[in-house]
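Residue-level structural notes
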Amino acid sequence: MSSQENGATRPGAPTTDRVKHIFSTIAPSYDMFNALSSFGIDRLWRRATVRLAGPDSASAVLDLAAGTGDLTMAFARLGKPASVLSTDFVPEMLEVGKRKAARYSGPTTIDFAVVDAQALPFGDASFDIVTIAFGVRNLPERDRNFAEVRRVLKPGGRYVILEFSTPALAPFRVLYHFYLKTVIPFLGGLLTKDRASFQYLNDSIRAFPPQAALADELRAAGFKRVSWRNLTFGIVAVHLAEA
Ligand SMILES: C[S@@+](CC[C@H](N)C(=O)[O-])C[C@H]1O[C@@H](n2cnc3c(N)ncnc32)[C@H](O)[C@@H]1O
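Let me sum up the structure you'll find in this document. (Residues numbered from 1 in each chain as written. Predicted model: local features only at pLDDT ≥ 70, side-chain atom pairs only at ≥ 80, totals over all residues. Heavy atoms only, no water.)

**So, unusual backbone geometry**
Of note, phenylalanine 39 is a non-glycine position whose phi angle comes to about 55°, a positive value. Among the structural elements, phenylalanine 39 can be located in the loop between α2 (30-37) and α3 (41-53). Take phenylalanine 39: its relative accessible area is 67%, and that puts it in the exposed class. Phi angles above zero are rare outside glycine, and arginine 225 is one such case at about 45°. (Helix = DSSP H or I, 4+ residues; strand = E, 2+ residues; numbered from the N terminus. Buried < 20%, exposed > 50% of the residue type's maximum accessible area, 1.4 Å probe, protein only.)

**Here's the deal with the packing of aromatic side chains**
Throughout the structure, instances matching the rule amount to 10 aromatic pairs. Ring centres of phenylalanine 23 and tyrosine 30 lie 6.3 Å apart, and the angle between their planes is 65°; on these two criteria the pair is classed as edge-to-face. Judged by its relative accessible area of 14%, phenylalanine 23 falls in the buried class. Ring centres 6.4 Å apart and planes at 85° place the aromatic pair phenylalanine 146 and phenylalanine 223 in the edge-to-face group. Taken as a pair, phenylalanine 146 in helix α6 (residues 142-152) and phenylalanine 223 in the loop between α9 (211-220) and β8 (224-231) lie far apart in primary sequence, 77 residues in all. Judged by relative accessible area, which is 0%, phenylalanine 146 ranks as buried. Members of the aromatic cluster, connected to one another through ring pairs, are Trp45, Phe134 and Phe164. Of note, lysine 20 hangs over the ring of phenylalanine 89, and the distance from its end group to the ring centre comes to 4.8 Å. (Phe/Tyr/Trp six-rings, centres within 6.5 Å; stacked < 30°, edge-to-face > 60°. Lys NZ or Arg CZ within 6 Å of the ring centre and 35° of its normal.)

Right, dumping it as structure tokens:
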């Protein structure tokens, strides 16, 4: 599952340096890019993810690759768990999230930490829910992340993955891939002057396994009761897996 096989990096395959460079560069424009490129639907996807995760008022949630904190804030506002720990390995992204959390008043305790999603500095069985939105695609070694998440989840705890996926209907899939190839690099280049990063984004979406294959990977990693829900015709999917 490593992205670097035979010494070569496949197109769309993440490497730690490339991913860190991309997100530290685009941090100030990231939210604007998301809203424009998804026509604002990304907010609905995050809300659906919180509903599917189903936290209660006692839940301890760990948000991995949390970026500018939109899923973290959706948890705090909608799910109202006891706590959300918002983590990412790019501090510039977390800084944006911290400003959002400063405006929050509600029952959830929100904390931030610089953490690599492939090496979690937490004890075993620490969290009820671990989430990752549009982050798992950027991990060079998903299997390391899956093993770490299983370890830090309490028995019966859930890993909830929101990620771009494969639309089921062929004509829609063709249209969507055309959009990824043309509009996304154009829009990204316009906002950040860094078109190459958005070309990577397009490639990484196309290189990512479809719904059933990701579910198989989660089962192979030892997760139980693995399922997924397609959103917006399968442009994105939420995978749920139990530790
Ligand atoms: C597309 S953004 C998603 C941010 C946020 N979860 C959202 O829904 O908007 C991907 C994030 O993953 C982070 N990331 C990528 N690889 C990571 C890793 N190994 N550990 C922690 N964060 C990582 C990047 O820094 C970036 O902030």
